[in-house]
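# A closer look at the structure
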Amino acid sequence: MEPYRIKVVEPIPVLTRDERTAAMRAAGYNPFNLNADQITIDLLSDSGTGALSAAQQAAAALGDETYAGARSYYRFRDAVASLTGFEHILPVHQGRAAERILFGALIAPGQLSVSNTHFDTTRANVHLSGGTAVDLPCPEAADLDSDTPFKGDIDLVALAEALEGPTEVAVVVMTITNNGGGGQPVSMANLEAAAAITRAHGVPFILDAARFAENAWLVIQREPGWSDKTPTEVARAAFDLADGAVASLKKDAIVHMGGFLALRDPDLATRCEAVLIATEGFRTYGGLAGRDLEMIAVGLEEVVQPDYLRARAGQAEHLASLIEKAGVSIVRPPGMHALYLNAGRLLSHLTPAQYPGHALACELYVAGGIRCAELGSLYLGVEDETGTLVKPAPYELVRLAIPRRTYTQSHLEYVAEVIAEIATSPESVPGQRLVSAPPLLRHFHCRTEPVAP
Ligand code: F0G
């Protein structure tokens, strides 16, 4: 059960099916165009959508808004330093700012960034620095149905080949947990081996630690030799392997805004700090208010509590079991921050060009006011100049991201009921076709419409 009770509540809108159908049409069948007052359960993202604790709100009142040298910065710095062991800690307004600053300093045009899987913004920031992002997920990740415990791992053989290859590798980034790879965790054994190979080539080894505590919890549950460790100890062991870390604190610090860039190398930190000051803010606030820095310091302590992590993992497992009972496949085994529905299998009457993942995301909204996002051919597919899909995504998935401390068990049971209802007649779900799409980041802006099956 959840190790907290609710003290502040917010009503959630419940629209009629007709109202939702009209809202979806007006949104151009793009869930990103829906407004909060049209959504019953919002599973679009677990980022910045968590509920604050009373202790975090109390800490916010202590926020010191001094321009330089604020007390709140030192509380933030001490919390991040004691968690990670890194010496140089720069606050940023969110994770992608840390990526931009770090890659700007590390990657020269033509070089590679190699990862288990880059998150979208991470990949975009590699490209903005003139580099190329290469994903090397472990082979086990390709089997969505297997219960292999660490499908977030990097392919160590491919990593060694990349490091010895003709194109220079500027950085290796391990994303824990692997959000782009089904929310699967990375084992400590894989992190240790990847760090050793990377270090042997003199290449910086960086963690994208947005969900460091959830990765630690899954290591404790699943990896031999780690079951008697605390989440703090496992997280620290992971950070100890790295030369630095970028983190979006909107996830595992349970705050609405924030991030950090943490480094060991003082020269690299000095170069990054100059860009931080030019683009985010002075080194003691980096785009955040003192109140944010205070809430982060508290959130980083709360997120590693075993009772909290056990309840969070339990929520995802409970939802996963209800969805599977309804005959709908998910990427197995369930992780913690999100479940990924196998829309390609559920809507097998649709071709990739009819965007089954997107069709399911639209249907979840119309059927139940649930908002979520496609991770399939709409997002990752490639079309030719006539708009014909020429390269579909490897899988047609829909991500149900679970905000932290926000929804109760009965909210999630409602989500499962809506999915079960759709699963009774999946063939009635219409495919979608593109009506308009900008060339860049099209899944945020595109408009589609249903096509008769
Ligand atoms: N890295 C990972 C693994 C992420 O999941 C995210 C954001 C970022 C970096 C970027 O952090 O948003 O603070 O700038 N993920 C969100 C999501 C948006 O919904 O998965 P940010």
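Criteria and cut-off values
Residues numbered from 1 in each chain as written. Predicted model: local features only at pLDDT ≥ 70, side-chain atom pairs only at ≥ 80, totals over all residues. Heavy atoms only, no water. UniProt positions renumbered as here; feature names shortened; annotations may be inferred. Helix = DSSP H or I, 4+ residues; strand = E, 2+ residues; numbered from the N terminus. Pairing = 2+ DSSP bridges. Axes fitted to C-alpha atoms, helices over the stretch in contact; angles between N-to-C directions. Buried < 20%, exposed > 50% of the residue type's maximum accessible area, 1.4 Å probe, protein only. Polar contact = N/O pair within 3.5 Å; in protein donor to acceptor, adjacent residues only side chain to side chain. Contact = heavy atoms within 4.5 Å. 1 Å grid on protein atoms, 1.4 Å probe; cavity = no way out; pocket = protein on both sides within 12 Å on 5 of 7 lines; lining within 4 Å. Points joined across faces, edges and corners; volume = space filled by probe spheres on them. Nonpolar A, V, L, I, M, F, W, Y, C, P; charged D, E, K, R; others polar. Near = heavy atom within 4 Å. Areas by Shrake-Rupley, 256 points an atom, 1.4 Å probe, with all protein chains shown as cover.

### Description of the UniProt feature "domain: Aromatic amino acid beta-eliminating lyase/threonine aldolase" (unreviewed entry) in the protein
What UniProt calls "domain: Aromatic amino acid beta-eliminating lyase/threonine aldolase" (unreviewed entry) maps, in this numbering, to residues 42–417. In residues 42–417, helix accounts for 44% and strand for 15%; the two terminal C-alpha atoms are 15 Å from one another.

### Things to note about the sheet that holds strand β11 (residues 373–375)
Note: strands within a sheet are paired through backbone hydrogen bonds, in either parallel or antiparallel orientation. Pairing is antiparallel across the open sheet formed by three strands, whose spatial order is β9-β14-β11. Both outer strands of the open sheet, β9 (338–342) and β11, are each paired with one neighbouring strand and no more. Neighbour-to-neighbour, the strand axes of this sheet turn through a mean angle of 35 degrees, independent of strand direction. Alignment of β11 against strand β14 (residues 397–401), held across three bridges, turns out to be antiparallel. From the neighbouring strand, A373 faces β14, where its bridge partner is R399.

### Regarding the side chain of T284
Looking at the element boundaries, T284 is found in the loop between α11 (266–279) and α12 (290–302). Given a relative accessible area of 4%, T284 falls into the buried group. Separated by 3.0 Å, the side chain of T284 and the backbone nitrogen of G69 make a polar contact. What T284 contacts, discounting residues up to four positions off in sequence, is Y67, A68, G69, A70, Y73, P91 and L293.

### Quick look at the side chain of Q432
Mapped onto the elements of the fold, Q432 is located in strand β15 (residues 431–436). With relative accessibility at 3%, the residue Q432 sits in the buried group. Only 2.8 Å separates the side chain of Q432 from the side chain of T448, close enough to count as a polar contact.

### A word on the layout of surface pockets
Put simply, the second largest pocket is a space of about 1300 Å³. Looking at the second largest pocket, it is lined by 37 residues, and the ones nearest its centre are V8, E10, A51, R405 and T406. Looking at the lining of the second largest pocket residue by residue, the class counts come to 18 nonpolar, eleven polar and eight charged.

### Re the site of the ligand
Around the ligand sit 16 residues in total, of which S45, R96, D208, S248 and K251 are the nearest. Between the ligand and S45 there is a distance of 2.7 Å, counted from an oxygen atom to a side-chain nitrogen or oxygen. Within the side chain of N179, one N or O atom sits 2.9 Å away from an oxygen atom of the ligand. The protein chains hide 94% of the 470 Å² of surface that the ligand would expose on its own. Broken down by secondary-structure element, the contributors of at least two residues to the shell around the ligand are α4 (95–106) and α10 (249–252). If you tally residues by element for the shell around the ligand, the top one is α4, at three residues. Class assignment of the residues belonging to the shell around the ligand gives a composition of one nonpolar, eight polar and seven charged.

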